[in-house]
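Each chain, letter by letter, is given below.
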Amino acid sequence: MLQIDLWKRITILLTCVAGLWLAMPNLFYTTVEQHNDAVQAIELGADTPENNALRAQWPEWMPSGLVNLGLDLRGGAHLLAEVRVADVYANRMESYWPEIRDALRPERETIGTIRLQPSPSDEVHVRISQPEGMPRALEIVRGLARPIQTITGVGANDIEVRAEGDLLIVTMSEAEKLASDERTVQQSLEIIRRRIDEVGTREPTIQRQGSDRILIQVPGIGSAAELKDIIGTTAQLTFNPVVSRGSDANASPGLGNKLVPSLDEPGTYYTIEAAAVVTGEELVDAQPAFDQNGRPAVNFRFNTTGARKFGDYTAENIGSPFAIVLDNEVVSAPTIQSHIPGGSGIITGRFTVEESTNLAILLRAGALPAGLDFLEERTIGPELGQDSIDAGKIATIVAFLGVLVFMFLSYGMFGLFANVALIINIGLIFGLLSMIGGTLTLPGIAGIVLTVGMAVDANVLVFERIREELKTSKGPARAIELGYEKALSAILDANITTFITAVILFAMGSGPVRGFAITLGLGILTSVFTAIFVTRLMIVIWFERKRPKKIEV
């Protein structure tokens, strides 16, 4: 019997209505986008009349999910950055020196005096005055080694210690370098993601490529230079004791110190202690503000540990200058007037309002563990994206109309049913993309155009099968029923194999290839649904109302 249960009919109808309901905001893209941006701005505190007016443009009870436009459609910036993982080695070894010094100090009777020597970035050289005490020094420093907590570094320690005459050499082990490289790239990825999220851009693509490269694509941003300003700044903030101030760029700072230029005073250089009192890692908040003279500045606040270190240092060094250093430049070097116990302060300088806002964002997001080298940078203008959208629309409309005409001419009334199902199919694709927050790229549009052709393929199989059954003198109802039954296996086989391909493309691909895989995969699911269920439901309802004695397909 050619019939469909009532609950199945209701389920099919509700699925179609829900999909089209979710897709509806995309018909009013600009209006809904302005509404969504206004809602986000109001939630962040910008409760202005303009934002409330934009928010009122779209009813709150309507869905507001949109298909995000990718970099190639909206325009934006593309960067490929290489992380300078070796930068971390020097900082890491520099931090070992106080630990080594404190461990060797109690053994001065055996090893004599200890003195730090110039050394490569991944080593620490320490000279001892009594070489006969070297075995004891080696034993003590080797005791400082820590096991590496990674699968590839099982059984290895983070440092290797050896002696050359009266020189004790501490080297970062190869296993620790590998682990450090991995941590550095992962941390850089997270910091870059946080910085871009702070700016509020929509649907950025931030992916690791290879061992030490990061791909960053941000739709809607003005230029690659603007994006580099956001993510390219290392934002290493430290508070260091000042040793001296001068104007000689080639002055020798001495061991344990370093010479850094002033940010605001050209020709001025500060000699500061290399070991920082507090670092930006101990910041918990940073906000743009204004100093007592009304100039842009940045307020900051330390966590408990940082506040204690900062408080202790200021209590013990009243009257001494200390430097606020950002990326190896002294932003300011005030003199400590009194004990600062609260763990908060203000960074002043010759900032513009925009610079102080960006600095606060960078400090909140955290410092990059290492510098970045930009290997590729491209700015994609919105005009190019609009051209792509227009070309995609034309291709989709031409393909759509071609399929509609072909189906009607080939299958008459049944072709009309397939055409209605095809329109519903497109709506369901956009409904699903809106629901999952998918991103539509130019290859994604190609996937939709491909789906338009594939969507009627299942109907063609069914209709041809019905024709064959009608030729064997079976009645219309039986021919339609057998047509769907016998074509089902071929429809499923063809679509499952294509769906597997889409899954592999999604898993192995990236960027635009994934966009193509998503629209293709969703298109296969919706086209199978509309071909097997929606078209069949329309045919059954038509057959129940007309009760034709014969049909032509």
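Cut-offs used in this document
- Residues numbered from 1 in each chain as written.
- Predicted model: local features only at pLDDT ≥ 70, side-chain atom pairs only at ≥ 80, totals over all residues.
- Heavy atoms only, no water.
- UniProt positions renumbered as here; feature names shortened; annotations may be inferred.
- Helix = DSSP H or I, 4+ residues; strand = E, 2+ residues; numbered from the N terminus.
- Rg over C-alpha atoms; globule rule 2.2 N^0.38 Å.
- Buried < 20%, exposed > 50% of the residue type's maximum accessible area, 1.4 Å probe, protein only.
- Contact = heavy atoms within 4.5 Å.
- Pairing = 2+ DSSP bridges.
- Axes fitted to C-alpha atoms, helices over the stretch in contact; angles between N-to-C directions.
- Polar contact = N/O pair within 3.5 Å; in protein donor to acceptor, adjacent residues only side chain to side chain.
- Phe/Tyr/Trp six-rings, centres within 6.5 Å; stacked < 30°, edge-to-face > 60°.

Per an unreviewed UniProt entry, the recorded name for the protein is Protein translocase subunit SecD, and the organism is Roseobacter denitrificans. Here is the UniProt Sequence similarities (unreviewed entry) comment for the protein, exactly as written: "Belongs to the SecD/SecF family. SecD subfamily."

Participant: How should the overall build of the protein be read in this particular structure?
Facilitator: Along its length, the protein carries 15 helices and 19 strands. Computed over C-alpha atoms, the radius of gyration of the protein comes to 34 Å, more than 25% over the 24 Å expected from 2.2 N^0.38 for 553 residues, which places it beyond the range of a compact globule. Reported as C-alpha extents along the three principal axes, the dimensions of the protein are approximately 110 × 60 × 40 Å. A burial count over the protein gives 43% of its 553 residues as buried. Here the analysis covers contacts within the protein between residues at least 6 apart in sequence; of these, 69% occur between residues at least 24 apart.

Participant: I'm lost on the sheet that holds strand β6 (residues 167–172) in this one. Help?
Facilitator: To summarise the sheet geometry, strands pair through backbone hydrogen bonds and adopt either a parallel or an antiparallel arrangement. Spatially, β3-β4-β6-β5 is the arrangement adopted by the four strands of the open sheet, whose pairing is antiparallel. Where the open sheet ends on each side, the last strands, each with one partner, are β3 (114–117) and β5 (159–164). Along the sheet, successive strands turn relative to each other by an average axial angle of 25°, direction set aside. Bridge analysis of strand β4 (residues 123–128) against β6 gives five bridges, and the strand direction is antiparallel. In the sheet register, arginine 127 faces β6, and the bridge partner there is leucine 167.

Participant: Which parts of the structure should I look at to understand the side chain of threonine 314?
Facilitator: Looking at the element boundaries, threonine 314 is found in helix α10 (residues 304–316). At 2.9 Å, the side chain of threonine 314 and the backbone oxygen of glycine 311 are in polar contact. What threonine 314 contacts, discounting residues up to four positions off in sequence, is Ile336, Ser338, His339 and Ile340.

Participant: Sorry, what's going on with the packing of aromatic side chains here?
Facilitator: Under the criterion given, the structure shown has 13 aromatic pairs. Measuring from centroid to centroid gives 5.7 Å for phenylalanine 239 and phenylalanine 310, while their planes differ by 65°, and the two rings are edge-to-face. Taken together, the residues span a long stretch of sequence, with phenylalanine 239 in strand β9 (residues 237–246) and phenylalanine 310 in helix α10 at a distance of 71 residues. Both residues of the pair, phenylalanine 239 and phenylalanine 310, belong to the buried class. Plain terms: the ring middles of phenylalanine 529 and phenylalanine 533 are 5.8 Å apart, the flat faces sit at 40° to each other, and that makes the pair tilted. You can see phenylalanine 529 and its partner phenylalanine 533 sitting in helix α15 (residues 512–546), four residues apart, about one turn around the helix.

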